[in-house]
Amino acid sequence: MTTAEQIRIERWRPDPSRLAKDLGMLGDVLHACVHAGASVSFVLPFSREDALAFWHDKVLPAVKAGSCYVLVARNAEQKIVGTVQLDLATPPNQPHRAEVRKLLVHPKARRRGIARALMLALEEQAREARRSLITLDTVTGAFAEPLYLSIGYVQVGVIPRYARRPDSPELEATTVMYKELALTNR
């Protein structure tokens, strides 16, 4: 899938020949987003090494195990400028469900439709994995909330004082959402 600016969305499959470079770019995106105020589980101070460790120690093993899909947005120079995760590690009684995690677009690449393209590609991956219910949470009132609503996610409710802001001890509310996906017969 591409956007007008030649952004390619693809499922990330760790290739040993470019693993270090990809992990570095994913770390750069996460680091830049946290420093721009994204509430994605981390607080300042947050170093580039912290970001790299997250991808290497937490995400990479899950991708290798097949319990997490990572989608990346690459620009024309093959630089990763955005990412989102589809967490498939659900309990045995919920094999139809998956969770969206860490929709991130580098601050310098925002407002170009990349987040929307990532989410639409994520939904296709969910369908291929036979997941018909997608859940997520997002900071209430943040820029991602209208995006999710515009692509059909339904607001379930708001949990007050859910998580700390990355740059202050202030607690923010989170909005819980879901979307049901139609699966094709196969």
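Residues numbered from 1 in each chain as written. Predicted model: local features only at pLDDT ≥ 70, side-chain atom pairs only at ≥ 80, totals over all residues. Heavy atoms only, no water.

Colleague: I would appreciate a short explanation of the packing of helix 1 (residues 19-35) against helix 2 (residues 48-65) in the present structure.
Modeller: Packing of helix 1 against helix 2 brings their axes to within 8 Å, and their N-to-C directions diverge by 120 degrees. Viewed along their axes, helix 1 and helix 2 adopt a mutual orientation that is oblique. In this structure, the crossing between helix 1 and helix 2 has a hand that is right-handed. Residues Leu19, Leu23, Gly24, Leu26, Gly27, Asp28, Leu30 and His31 of helix 1 lie in contact with helix 2, whose contacting residues are Arg48, Ala51, Leu52, Phe54, Trp55, His56 and Leu60. (Axes fitted to C-alpha atoms, helices over the stretch in contact; angles between N-to-C directions. Helix = DSSP H or I, 4+ residues; strand = E, 2+ residues; numbered from the N terminus. Parallel < 35°, antiparallel > 145°, perpendicular 65-115°, else oblique. Left-handed = near helix turned anticlockwise from the far one by under 90°. Contact = heavy atoms within 4.5 Å.)

Colleague: What should I look at first to understand the pattern of salt bridges in this one?
Modeller: Pairing between side chains becomes possible if they bear opposite charge and their charged atoms approach one another. Counted by the stated rule, this structure contains 12 salt bridges. In this structure, Asp87 and Arg101 form a salt bridge, with 2.9 Å as the shortest nitrogen-oxygen distance. Here Arg101 lies in strand 4 (residues 97-105) and Asp87 lies in strand 3 (residues 80-87), a separation of 14 residues in the sequence. The class of Asp87 is buried, set by a relative accessible area of 14%. Exposure remark for Arg101: the relative accessible area of 34% places this residue in the partly exposed category. With a shortest N-O distance of 3.4 Å, Arg101 and Glu99 are connected by a salt bridge. (Salt bridge = Lys/Arg side-chain N within 4 Å of Asp/Glu carboxyl O. Buried < 20%, exposed > 50% of the residue type's maximum accessible area, 1.4 Å probe, protein only.)

Colleague: Looking at this structure, I do not really get the sheet that holds strand 2 (residues 68-74). What am I missing?
Modeller: The strands that make up a sheet pair up through hydrogen bonds in the backbone, lying either parallel or antiparallel. Strand order across the open sheet formed by seven strands is 1-2-3-4-5-7-6, with mixed pairing between neighbours. Edge strands, defined here as strands with exactly one partner in the open sheet, are strand 1 (8-11) and strand 6 (154-164). Averaged over all pairs of adjacent strands, the angle between their axes in this sheet comes to 25 degrees, without regard to strand direction. Pairing analysis gives three bridges linking strand 4 to strand 5 (residues 133-139), with the strands arranged parallel. From the neighbouring strand, Arg97 faces strand 5, where its bridge partner is Leu133. The strands touched by helix 2 within the sheet are strand 2, strand 3 and strand 4, with strand 2 carrying the most contacts at an inclination of about 120 degrees. Packing of helix 3 (residues 114-128) onto the sheet brings it into contact with strand 1, strand 2, strand 3, strand 4, strand 5 and strand 7 (171-180), and relative to strand 3 it is tilted by some 35 degrees. (Pairing = 2+ DSSP bridges.)

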